[in-house]
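Breakdown of the fold
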Amino acid sequence: MDNLDYGLCPKQWLAGTTDHATHVSATVLTATGDQTDLAVSWASLVSGMLVLFLGGGQPGTVQTLQVTITTQQGRVWSEPVSIAVSSILSAASPLPVPTLPDGTTVPPNAIQLPDGTILIDPIGKPYLIA
């Protein structure tokens, strides 16, 4: 599998509310510990869309992610999401992504200061340009 981003739109789930997504996370439920397992490199919010950057994955398999969304008003939606890994390419390890010193991944829409430092909130999560 390539390293690709996938978008999920929460608009239908939030229809009829004035709420919006403020956090998204995802884990691979079908990971076996293999170096070429499907991996979530980062999860972020971009223009109201939930974006997951995935890499690796065993060709010809269907992998399951647990995606969790938290909203500004405290709603939580957590569902398994299946993704088919193409059998066209051979297995490869996910590409490395930037991380903070504590291991928190840095999505591409994180706010970066002129000195290169990533701006983080009081609990250590990067502030995002959404």
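Here goes a summary of the coordinates provided. What you see is a predicted model, and the numbers here were worked out from it, not measured in a lab. (Residues numbered from 1 in each chain as written. Predicted model: local features only at pLDDT ≥ 70, side-chain atom pairs only at ≥ 80, totals over all residues. Heavy atoms only, no water.)

Time to look at the sheet that holds strand E1 (residues 4–8). Spatially, E1-E4-E3 is the arrangement adopted by the three strands of the open sheet, whose pairing is antiparallel. With partners counted over all chains shown, the strands left at the sheet margins are E1 and strand E3 (39–46), one partner each. Ignoring which end each strand starts from, the neighbouring axes of this sheet average 25 degrees apart. Of the strand pairs in this sheet, E3 and strand E4 (residues 49–55) are connected by seven bridges, and their pairing is antiparallel. Of the residues in E4, the one forming a bridge with valine 40 is leucine 54. (Pairing = 2+ DSSP bridges. Helix = DSSP H or I, 4+ residues; strand = E, 2+ residues; numbered from the N terminus. Axes fitted to C-alpha atoms, helices over the stretch in contact; angles between N-to-C directions.)

Here the structure, examined in full by the defined rule, presents one salt bridge. Here aspartate 19 makes a salt bridge to arginine 75, at a shortest N to O gap of 2.7 Å. Here aspartate 19, found in the loop between E1 and strand E2 (21–28), pairs with arginine 75, found in the loop between strand E5 (62–71) and strand E6 (76–84); they are 56 residues apart in sequence, far enough to count as distant. Classification of aspartate 19 as buried rests on a relative accessible area of 8%. On the basis of relative accessibility, which here comes to 33%, the residue arginine 75 falls in the partly exposed class. (Salt bridge = Lys/Arg side-chain N within 4 Å of Asp/Glu carboxyl O. Buried < 20%, exposed > 50% of the residue type's maximum accessible area, 1.4 Å probe, protein only.)

A few words now on the nonpolar core. Among the nonpolar cores identified, the biggest contains 13 residues, and Val24, Leu38, Leu50, Leu52, Leu54, Leu65 and Val67 are the most heavily contacted of them. Those elements giving two or more residues to this core turn out to be E2, E4 and E5. Counting residues per element, this core draws most heavily on E2, at four residues. (Core = buried A, V, L, I, M, F, W, Y, C linked by side-chain atoms within 4.5 Å.)

Taken together, the side chains of Leu113, Leu119 and Tyr127 present a nonpolar region at the surface, about 230 Å² in accessible area. Topologically, leucine 113 is positioned in the segment after E6. (Patch = residues over 30% accessible without salt bridge, like charges linked within 9 Å, V, L, I, M, F, W, Y side chains within 5 Å. Areas by Shrake-Rupley, 256 points an atom, 1.4 Å probe, with all protein chains shown as cover.)

As a further point, take unusual backbone geometry. Non-glycine residue serine 47 carries a positive phi angle of around 50 degrees. You can see serine 47 is positioned in the loop between E3 and E4.

Polar contacts involving the side chain of aspartate 19 include one to the main-chain amide nitrogen of glutamine 72, which spans 3.2 Å. Side chain to side chain, aspartate 19 and arginine 75 meet in a polar contact 2.7 Å long. Excluding residues that lie within four positions of it along the chain, aspartate 19 makes contacts with Leu14, Thr71, Gln72, Gln73 and Arg75. (Polar contact = N/O pair within 3.5 Å; in protein donor to acceptor, adjacent residues only side chain to side chain. Contact = heavy atoms within 4.5 Å.)

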